[in-house]
Amino acid sequence: MATTDTLTATATAALSPSRRLLLTVSRLWAWLFLLLMILFFVIMVPWLSQGVSFLTVRNSQNILVAIVPVLLLGLGQTFVIISAGIDLSVGWVMSLASVLSALAIRNSFNAGTPLWLAVILGFLAAVAGAGAVGAINGTIIAKLKVPAFIVTLGSSFIVRGLALLWSENTTVVGLPDGIRDYGNDSLFYWIHGEGGGFYFLEPPADLPTQLRRQLDLILPWPVVIALVVVAIAMFLLNRTQFGRHTYAIGGNMQAALRAGIPVDRHIIKLYALSAITAGIGGFLSTLRYTGGSAVIGDPLLLSSIAAVIIGGVSLFGGAGTIIGTVIGALIIAVLTTGLVMLNVPAFWQFIVVGAVVIVAVLIDQSRDLIIGRYKGGAE
Amino acid sequence: MSEPVLSVRGLVKRFGGLTAVRNVDLDVAAGEVVALLGDNGAGKSTLIKCVSGVHRAEEGEIFFAGKKTAFGKPIDARTAGIETIYQDLALANNLDVPSNIFLGREVKHRYLGGLIKTLDNKTMLRESRGSLATLDIQFPTLTQPIESLSGGQRQAVAIARAVYWKAQLMIMDEPTNNLGVPEQQKVLELIRKLRDQGTPVILITHTMPDVFAVADRVVVMHRGRKVTEKRTADTSTEELVQYMVGARDDYRAAASVAGAA
């Protein structure tokens, strides 16, 4: 038969049960991999490093704090890559935002602005500065039709220069001390065992030193803010026209154009969004380290792209989810932390993460093969 | 013949030194399928792109629904009711059927006085189902990315989209290309159904059986010119082929006059 494809049978509906199982596994592999990895470290860490356990409250919170910057860069990047673009500038944009917010906080505080207002000004400086870079990136990509790879590569150099210039050599110091609280406090506090308890917003002031040492931070502020950004990103991508059009542009640019979607404007918004999530990351790092750093974001760029790819976002565009990126970032953080706790030399993390990225793409491709082979077999 | 829905008069389109469409007239009435026949490079696609707003003609006039029009962009033509279904279908294969039917014209819930808008997927699914039902199209599921659909099914989605948005003229570019035989039949059936519901169709093709299967009239183009216009019932494959290859030409005299002018 030339074709058995008819108007009433779809390809996936007719897959054999074993194929369908394989398909499900290939779709959920990132979750499975994360769970298996956690299980592996839970067993191996106490075995190889006596008296240490992996799945403690403190360790889990440390992992969460560690992924915040990578996750924030990855969230914006998820939108951009779903639209079949790429944003290589986010690492340095994060650095620039960190410098800008530090300058805004320091200078406004020194001019007599109350601390809370200075922090808000710092946030606005980070978001506005980053957003401006993103909007310029998007405009050059959309209107002048320069490939995103080139535009964002070029702008990352420009932004790097600006961050280093304005920070007067890598760091902005002299921020008010109170900033540290904003960056390092948490939503809940917990003291395990006798005399302890669960506290909202702040621990009791009169804690004995011995108990204070056991204080665990539950949901530190950077994690809370990252969770809010995750929720907004999920809402945008899944529930709104903005998200639908992002998928459409990545799936078939011509179709999007012919459907009357304002593609140029949408692309500008996407790169602005990507830069803004990076800007939030820069702002949070300024609070956390009580200073602006012009080199904080650069090493995170490739990790964030790795997280996005591990999370199943297709570099060809049109496919991907926010939750995938979250899982991708978690996989990288758990892997890194776990290997350190196993006393494996830290450089191994790069080798393992690299392998996971390639395996992730292989699994994505095998999914097409699972369906594709069926199509071939029908002839 | 009733008042034509589309009326093209003396249309000329040049690309630099090349004249792709020379002085072509074309009328399409409601409830009529007109086949536009011609070899590759005969100018049929260029003619259609002038009608659908992709190209701007250098000379001539286009009347649509009685009004003179000059569409600057494809979206203007679509808004006016001219829906063009290209060979590549212009569907986003990574999206499901309702998302494609409503692409760019999504139905939304409004909250806080329109400050927050979310997609109303339920309504879009229901409307899509209804639109497909009027064309007797049945899919097992509408909420899977359409990349899992066959070529004919995707063709059906593109047609359903045009029907849903009340296309007053449907232009289809080689709709049966790359389809298996049963699928071709199904697509031709859809074209007949469109005609029966009053939507005129211009069918661009070089597949002779399609012409005789669905077209009421056939217009043949050769090297940018209209060489004949016949009722399908009054002609034959052999005759049409002679026109297609340029062996016959009903308007040669008129053309040479125009050429001399």
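Residues numbered from 1 in each chain as written. Chains lettered and ligands numbered in written order. Predicted model: local features only at pLDDT ≥ 70, side-chain atom pairs only at ≥ 80, totals over all residues.

1. Details of the overall build of chain A
A count of helices and strands for chain A gives 14 helices and five strands. Counting only C-alpha atoms and orienting by the principal axes, one finds that chain A spans roughly 80 × 55 × 35 Å. Looking at chain A residue by residue over its 379 residues, the buried ones come to 44%. Here the analysis covers contacts within chain A between residues at least 6 apart in sequence; of these, 79% occur between residues at least 24 apart. (Helix = DSSP H or I, 4+ residues; strand = E, 2+ residues; numbered from the N terminus. Buried ≥ 20, exposed ≤ 12 C-beta atoms within 10 Å, placed from the backbone. Contact = placed C-beta atoms within 7 Å.)

2. Some points on the sheet that holds strand β4 (residues 215–220) of chain A
Residues and elements named next belong to chain A. In space, the three strands of this open sheet follow the order β3-β2-β4, with antiparallel pairing throughout. Edge positions in the sheet fall to β3 (197–200) and β4, since each of these pairs with one other strand and no more. The average undirected angle you get between the axes of adjacent strands in this sheet is 20 degrees. For strand β2 (residues 186–191) and β4, the ladder comprises five bridges, and the chain directions are antiparallel. Paired with isoleucine 191 across the two strands is leucine 215, which belongs to β4. The strands touched by helix α2 (residues 57–82) are β2 and β4; relative to β4, the strand with the most contacts, the crossing angle is about 35 degrees. Each of β2 and β4 is contacted by helix α8 (residues 221–239), which is oriented at about 25 degrees to β4, the strand it contacts most. (Pairing = 2+ DSSP bridges. Axes fitted to C-alpha atoms, helices over the stretch in contact; angles between N-to-C directions.)

3. A word on the nonpolar core
In this structure, A:Val93, A:Leu96, A:Ala130 and B:Leu203 are the most contacted members of the largest nonpolar core, which totals 169 residues. Not counting chain neighbours up to four residues away, the residues in contact with A:Ala130 comprise A:Val93, A:Leu96, A:Ala97, A:Ala275, A:Ile276, A:Ala278, A:Gly279 and A:Gly282. (Core = buried A, V, L, I, M, F, W, Y, C linked by C-beta atoms within 7 Å.)

4. What to know about the interface of chain B and chain A
Often the size quoted for an interface is simply the accessible area lost on bringing the parts together. Counting residues at the interface gives 31 residues for chain B, matched by 27 residues for chain A. When residues of the side of chain B that touches chain A are traced back to their parent elements, those giving at least two are α2 (74–80), β8 (116–119), α5 (151–164) and α6 (181–196) of chain B. Partitioning the side of chain B that touches chain A into residue classes produces 12 nonpolar, 12 polar and seven charged. (Nonpolar A, V, L, I, M, F, W, Y, C, P; charged D, E, K, R; others polar.)

5. Details of the environment of A:Val340
Residues and elements named next belong to chain A. Summarising the element assignment, valine 340 is placed in helix α13 (residues 322–341). Take valine 340: there are 13 C-beta atoms within 10 Å of it, and that puts it in the partly exposed class. As for valine 340 and isoleucine 63, which are separated by 277 residues in sequence, their C-alpha atoms are 12 Å apart.

6. Looking at the confidence of the model for chain B
Per-residue confidence for chain B gives a mean pLDDT of 88, with 96% of residues at or over 70. At the level of individual helices and strands, chain B shows its lowest average pLDDT in helix α9 (residues 252–260) of chain B, which scores 57, and its highest in helix α3 (residues 97–101) of chain B, which scores 95. (pLDDT = per-residue confidence, 0-100.)

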